[in-house]
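What follows is the residue order along each chain.
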Amino acid sequence: MKLDLKAGDAHKPDFLKINPNGKVPAIVHEGTAIWESAAITMYLGEVFGVDAKLYPASGPKRGEAMKWIVWGNVTLGEAASRLAYSFAPDAEGADQTAAKAKTDIAARLKILDDALVNKSFLLGEYSLADTHLHGFLSWLGMMQFDLKAFSHVTEWLKRCNQRPALAKLMAG
Ligand SMILES: N[C@@H](CCC(=O)N[C@@H](CS)C(=O)NCC(=O)O)C(=O)O
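Below: a short report on this structure. (Residues numbered from 1 in each chain as written. Predicted model: local features only at pLDDT ≥ 70, side-chain atom pairs only at ≥ 80, totals over all residues. Heavy atoms only, no water.)

With that settled, the discussion passes to the site of the ligand. The ligand sits among His11, Gly22, Lys23, Val24, Pro25, Glu36, Ser37 and Asn73. Take His11: an N or O atom from its side chain is 2.7 Å from an oxygen atom of the ligand. Contact between the ligand and Lys23: an oxygen atom at 2.9 Å from a side-chain N or O atom of the residue. In the complex, 59% of the free accessible area of the ligand, which totals 520 Å², lies under the protein chains. The residue makeup of the shell around the ligand, split by class, is 2 nonpolar, 4 polar and 2 charged. (Near = heavy atom within 4 Å. Polar contact = N/O pair within 3.5 Å; in protein donor to acceptor, adjacent residues only side chain to side chain. Areas by Shrake-Rupley, 256 points an atom, 1.4 Å probe, with all protein chains shown as cover. Nonpolar A, V, L, I, M, F, W, Y, C, P; charged D, E, K, R; others polar.)

A few words on the packing of aromatic side chains. Throughout the structure, instances matching the rule amount to 2 aromatic pairs. When the ring of Trp68 is compared with that of Trp71, the centres are 5.2 Å apart and the planes differ by 80°; the resulting orientation is edge-to-face. With Trp68 and Trp71 both in helix H3 (residues 60-86), this residue pair falls 3 residues apart, about one helical turn. Judged on exposure class, the residue Trp68 and its partner Trp71 are both buried. Relative to Tyr126, the ring of Phe121 has its centre 5.1 Å away and its plane inclined at 90°; by these criteria the two rings are edge-to-face. Here the two residues Phe121 and Tyr126 agree in accessibility, since each one is buried. The ring of Tyr126 has Arg163 lying over it, and the distance from NZ or CZ to the ring centre is 3.9 Å. (Phe/Tyr/Trp six-rings, centres within 6.5 Å; stacked < 30°, edge-to-face > 60°. Helix = DSSP H or I, 4+ residues; strand = E, 2+ residues; numbered from the N terminus. Buried < 20%, exposed > 50% of the residue type's maximum accessible area, 1.4 Å probe, protein only. Lys NZ or Arg CZ within 6 Å of the ring centre and 35° of its normal.)

Here is the structure:
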């Protein structure tokens, strides 16, 4: 289903039947609706990703993948949503909100940067944990968030961007 978010399609009855929260992404697999991007990534990883070597089999490595996927949505995502809010035309105290959000994002990105020392990808080999966090980092880049201080993150982003499927997606 293709939606025009600006036209409010996510809040129209057809889509609300799939996701009553009126948010994307959402998938329907074998008749079951799954929403929340972290759940979607982990579900797709579990069902299709193990054979495709994009998601670890059950065990500690999978725990690591889940840790980063959830961290993106909950910990990094929390500060990122405050930055997004600061751009709203009616945002109260926008400058202060943006400054605090940027400080918090930087502190959280330091954790990601440290985790990428001596590693090509979060789990060693490329996985859906990288795909998932790549989305957040690309968004921060689009919001002009300065990533210069995070050299391991920027090198990792370049490696992610070289993945043919991601390059195709980012090219639109
Ligand atoms: N926690 C949700 C957040 C989803 C979300 O906020 N989606 C935004 C786009 S990034 C949306 O659908 N906005 C449309 C709207 O609110 O009308 C997730 O991770 O899937």
